[in-house]
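Chain and residue survey
Spelled out, the chains give:
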Amino acid sequence: MSIRFRRESWNGKPMKKSLRKELFREIRKSLNRYLSILFIVMLGVGFFTGVRASEPDMRLSMDVMADQAAFMDLRALCSYGITEGDLQALSALPDITAAEGEYSVDALERSGAKQTVLHVASLTENLNHIMLTEGRFPEKPGECLIDAQLPVVSEIRIGSVLHLESGTKDPLSDSLRHTELTVVGACTSPYYLDFERGSTAVGNGEVTGFVLVDPDEFCMEVYTQAYLRSDALRALLYTSREYDEKLTEIKKAAESIVPARVSVRMEELVGDAKRELADAKTKYSEARAEADEKFAEALQKLQDAETKLQEGEAELEKNRKKLENAAKKIEENEAALLEAKEGLEKEEAEIAALSQSISQREQSYQAARAAWVAARTAYEAKKRAFQAKELELRVTESLPESEARMAAISRLEGELRALQEELSQAERELQAHPQPDSSIQTQILTDRIALYVREAQLDKTREQISEGEEALTAGKEEYEEGLQALQEGEQTLREKQLEYSRGKADFEREKEDAEAELSEALLKIEDGEREIEAVKDPEWYILGRDSISSYVALDNDAARIGALGKVFPVIFFLVAALVSLATMTRMVEEKRTEIGTMLALGYSTAQVAGKYIIYALSATLTGSVFGILLGEKVLPWVIIKTYRIMYTNLQVTEIPYHLYYGILAAAAASFCTGGAALFSCMRSIKKTPAVLMRPAAPKQGKRIVLERISWLWKRLSFGQKSTLRNLFRYKKRLFMTIFGIGACMALLLVGFGLRDSIYVVTDKQFGDIWRYDGTIALSETADERNPADLCSEIGETEGISAVLPVFQKQVDVSVNGITKQGNLIVPADPETFMQMVSLRDRKTAEPRVLSSEGVIITEKLARQLSVEAGVSIRIKEDEFRSRTVTVAGITENYVYQYIYMTPDYYEKSFGTEAAYSLAYFCLRDEAQIDDVSEELLKQEAVLGVSQMGSSKDTIRDMLKNLNLIVLVLIASAGLLAAVVIYNLNNINITERVRELATLRVLGYYDRELAVYVYRENVILTLFGIAVGLILGKWLHAFTIRTIEVDVIMFGRVINPQSYLFSVLLTLGFAAAVNFIMFFRLRKIDMVESLKSIE
Amino acid sequence: MSEFVELRSVSKIYRMGEVKITAVDRMSFTISKGQFVVIVGPSGAGKTTVLNILGGMDSASSGHIFVDGEDISAFDSRRLARYRREDIGFVFQFYNLVQNLTALENVELAVEICRDHLNSREVLADVGLSERADNFPAQLSGGEQQRVSIARALAKNPKLLLCDEPTGALDYETGKSILGLLHRMCRERGMTVVVITHNSAIAEMADKVIHIRNGSVAREEMNEHPLPAGELEW
């Protein structure tokens, strides 16, 4: 069916006249609807094509501008400058159309209150045409042109005289003939598109502007750089793939002449010096050999003398030992003698004591014997007396008894008894004095004999002792003699030693003198060698425009707009397409009776459907054409104009039409609206005319789920119930409205969110994360010294509060086959580093500590590599050094990607110590940065200084542009929101005009009617906003991911204010549209209610 | 005595650019309270315009309309709206029920905004639809829908019940039963009912018949013995 319709409608058969007329009437009658489709399509297509066209337009503008100024394609730099010969060789290359050298020098200008750094360069003739903005070209010596920017940022004006000074040790007169230049004109250079004039090793390190003079003003031997230009590239668009390919080809050709030029230049520089050095080397070797021989001889003699000395000393030592032994023996003998004497004395004493005791014993023995003898004599006398008496008695007793006898007996007995008494007494006496044992006497005798023996022995000993004493005296004498001999020997040795050491000292002095002489010679040779070595092979650099920062920046900005153009306008376009689609569908549904009638009258389906398709397509195509015409002109113009605020020297705005985007958008829009018309028509046409001509069965009312909850349902007012039912009754409209409002809300949210995300970069990175004030590039010549010393030296500069040596190197980081670039940072002291750069988790703000456990990497890098803490990554420093390290943590960071590592961990991983080439520093007072930088640059250890503040400004400027573009997006999204809401409301009211008319007839006041309608709108708007919040958050994340470049991580969070603004704006648009709709509601004719249902 | 409704020389002129179209030309008639009046005339005679003016949906270009002693021709749009909600009940040819509301709810829709209203459910029962109160319009037949429409008009307890071709979309039998219902309401509730139709057969059941032709009253007649609706034939 549809094939036939195409044939009839488009293959030449003219439309029936009445149908055509009817179509025009239809359009006129429903002009509102027609225009709303047209307008929405215009917005969608215009925005889509406009934003999409901005990227190529920006690039084209850049290209055209560069071509107009005959801007270089390549520039060549050489470490020793470019010679005339180099230039000739370059211009002889086949693809090079123009090659021209440029002299330049950075100088200080001090005429004003503030010192400015100027880049003085020579004017070029055939390329890099400057544009004179004021004044004239230099005509006389000592005249110059200045950067058009200079009068704005400094006190230099046309007519000023510049007093130039050198910023280095070399006087400026080495480079320039005149150091006082008169300004005769101002100009812009295609070399600088934006405000940035680059950095320098002079002054505060930042160039303020350029100064152009005639090449003759320079007295330099070689050009600073050469500019090259190729006509083969003219037809190609700069930054296009074709341009890059051709440029690479030309660059390769240029690089191929480099080795030849290098050897030519080297011969010029170091040929003579090398030959001289070789002579000096030969002389030195001869002198060296001679001296060595002489030294060897003298050394031999000395060694012999030393051996003899050692022998003498050994003998002396032997004698000394012997003498010592003798002395020891004498001492021993003396001790023995003394002991013997002591024994003798003791023996003598003992003998004396013994002899005394023997005498005593003898005495007492004699006494006892005498007593015994006396006692025995007495006793025996008594005994005899007694015996005599006894005999008398017995005699008496033997006498007869008589008295006398008796008396005599008694008397005798008495006398006897007395005698007895006397006797027993004598006996007792005797017993008391017994006879001493004779053995005692014998013992005494024996003892006495032993005593005699001992006495004899003693005498002998006494004799021996006196003999020993005599021998000892003799030995002592002998010893004294030996000692004397030894002392004499020692004296001799000492004399000999003195003699030897004198000889040795002489030798050493002589040798030292000779060596000094020799090493001086060697030093001279080495110096010469080093000098020649320092004349390294000249290094060549052949660079394209992508080595010029403003060209790169603009290229990046174009890419960013391009990326934005891939997301934003598509959503925008989708909403527009969807709304016009809904409008078309609705229209066909409304015209159901008419379609039925036409079919009944016998018109073909193609003719019937044709009307709607043509209606849709004509509105769409007209809208598209207007959209393309306006969009592709206005949006790129606005965007480029915006960028030209920053890129002041981008003098050209090229905004041609891009048919591709136009046709793409128009075709897509036509497909949506035409397709909707066709689809709806086909759905109607499938039914028989009779069915169509009857009024459509009204959409059945349905109970909704909510009604089952009767306690809630009962509580709702009548209108609320009706509203709820209506919402669910028109599901298509419900969806359309929610999606439409949601999408607009989402676009607004994305717009505001992008702004937030962009500002986070500068605010957080420069405010919270990087806390140091600048970076110092340490001089290479200073690297033999300890970086800590160097830095403490730098740290003494006034105004600096902290300095930290840092090793920085660009590395490749890879994991699982993904490779990204990052900067490896190894700070000398992690503690200080963590005060200068805050390491923390973005969401929890928990600090991350840099330790020797592993590296800390920045968030974006972690995300790109999809790694977490604990994972191993591979870091490639260069072709030969690639190590696996463990990620210990991930830190918040927005600009550039970093891998932080402690020096210990670096040494452990790479096996070498980190070579610190940079230093971070903090200031006591940030405002002093310029003075401090200047002070720093005067130091030998400092090669360059970069200030945090200026980096921040650069990035902020770069992002400010994007910010303006975002505002354009917000405005467009707002416009779309208004149109969408208007259109959907319009459909809503048109659909229900009969119902609303009836309500008016029933006596509803305008306000009540409005509430009845608006309640739905409000609910739908709120739902739409809710959907928009979710959609917007997601879309924001997606957009950020799309437009982000590797170097920058945008913020991921949308600020609460942005949510608020988006909601308020959407509500505002809804309110405004509803307010306008109120007038339409009031105009609803009650008569509509009386009409039959169509 | 002053009549309940009185049109005094009412004209309605539409201006379409240069052309003036006189839809109603100095029309005058009266209606007494409690009367069942049929206004009959061919298409284009100005019946609907009269009804619109009488119902406060449109204003007259000139002349006066008195309803219960008040001159509604002097009303501004807000007073007119109040007049519609308090004093007028309207029965449409195509019922004009809100599809999304049940029969009962459709009645309530009118009652909600009206101070002196009747109980919706009772009114619905009165028109014989108590069983179908909770059905949606699409589930009802044409006659039933028209009954809901009448119930909606009646529930407001209006001074004047205006019916625009109430049988126009209905079949013969149903049409007759609807007319019967209207007649019954007129009699039982003492309601003043005005029916507009092109069908002169209906005129026979009216107390008063007003014939309209070319925007003015051609003839007025009073039926001494109006026929019951059931006996009408067309």
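To be clear, the structure that these remarks concern was listed above.
Keep in mind that this is a model prediction, so the values were computed, not measured.

Residue and element names in this part refer to chain B. With respect to the helices, strands and loops of the structure, Phe-92 is situated in the loop between strand 6 (88-91) and helix 3 (103-111). Overall, the relative accessible area of 0% leaves Phe-92 in the buried class. For the pair Phe-92 and Gln-146, spaced 54 residues apart in the sequence, the C-alpha separation amounts to 8.0 Å.

Another point: the pairing of strand 10 (residues 216-222) of chain B. Residues and elements named next belong to chain B. Both strand 9 (residues 208-213) and strand 10 contribute to a ladder of six bridges, which runs antiparallel. Within strand 10, the residue paired with His-211 across the bridge is Arg-219. Here strand 9 folds back onto strand 10 in antiparallel fashion, the turn holding two residues, of which Asn-214 has a positive phi close to 50°.

Here we come to the pattern of salt bridges. Tallied over the full model, the rule gives 56 salt bridges over all chains. As a salt-bridge pair, Asp1006(A) and Arg1082(A) come within 3.6 Å of each other at their nearest N and O atoms. You can see Asp1006(A) sitting in helix 25 (residues 1006-1043) and its partner Arg1082(A) sitting in helix 26 (residues 1056-1083), a full 76 residues away along the chain. Arg219(B) is the partner of Glu221(B) in a salt bridge, and the nearest nitrogen-oxygen pair spans 2.9 Å. By relative accessible area, which is 28% here, Glu221(B) ends up partly exposed.

Further remarks concern the side chain of Thr737(A). Its place among the elements puts Thr737(A) in helix 17 (residues 731-769). Ignoring sequence-local partners within four residues, the contact set of Thr737(A) consists of Gly742(A), Leu984(A) and Leu1020(A).

At a minimum axis distance of 10 Å, the contact between helix 16 (residues 718-729) of chain A and helix 3 of chain B shows a crossing angle of 130°. The angle between helix 16 of chain A and helix 3 of chain B falls in the class oblique. Regarding helix 16 of chain A and helix 3 of chain B, the two cross each other, and that crossing is left-handed. Mapping the contact onto sequence places Phe718(A), Lys721(A) and Arg725(A) in helix 16 of chain A and Glu105(B), Glu108(B) and Leu109(B) in helix 3 of chain B. Among the residues forming the contact of helix 16 of chain A with helix 3 of chain B, the class breakdown is two nonpolar, no polar and four charged.

Moving on, we get to the sheet that holds strand 10 of chain B. All names here are of chain B. Taken in spatial order, the six strands make up an open sheet running 6-7-8-3-9-10, and their pairing is mixed. Of all the strands in the sheet, just strand 6 and strand 10 have a single pairing partner and so form its edges. Strand after strand, the sheet turns through a mean of 20° between neighbouring axes, direction not considered. The sheet contact formed by strand 7 (residues 160-164) and strand 8 (residues 192-197) spans five bridges and is parallel. Bridge pairing links Cys-163 to Val-195 in strand 8. Together, strand 6 and strand 7 form the strand contacts of helix 2 (residues 77-87), whose direction differs from that of strand 6 by roughly 75°. Set on the sheet, helix 6 (residues 172-189) makes contact with strand 3 (36-40), strand 7 and strand 8; between it and strand 3 the angle comes to about 140°.

Thresholds applied
Residues numbered from 1 in each chain as written. Chains lettered and ligands numbered in written order. Predicted model: local features only at pLDDT ≥ 70, side-chain atom pairs only at ≥ 80, totals over all residues. Heavy atoms only, no water. Helix = DSSP H or I, 4+ residues; strand = E, 2+ residues; numbered from the N terminus. Buried < 20%, exposed > 50% of the residue type's maximum accessible area, 1.4 Å probe, protein only. Pairing = 2+ DSSP bridges. Salt bridge = Lys/Arg side-chain N within 4 Å of Asp/Glu carboxyl O. Contact = heavy atoms within 4.5 Å. Axes fitted to C-alpha atoms, helices over the stretch in contact; angles between N-to-C directions. Parallel < 35°, antiparallel > 145°, perpendicular 65-115°, else oblique. Left-handed = near helix turned anticlockwise from the far one by under 90°. Nonpolar A, V, L, I, M, F, W, Y, C, P; charged D, E, K, R; others polar.

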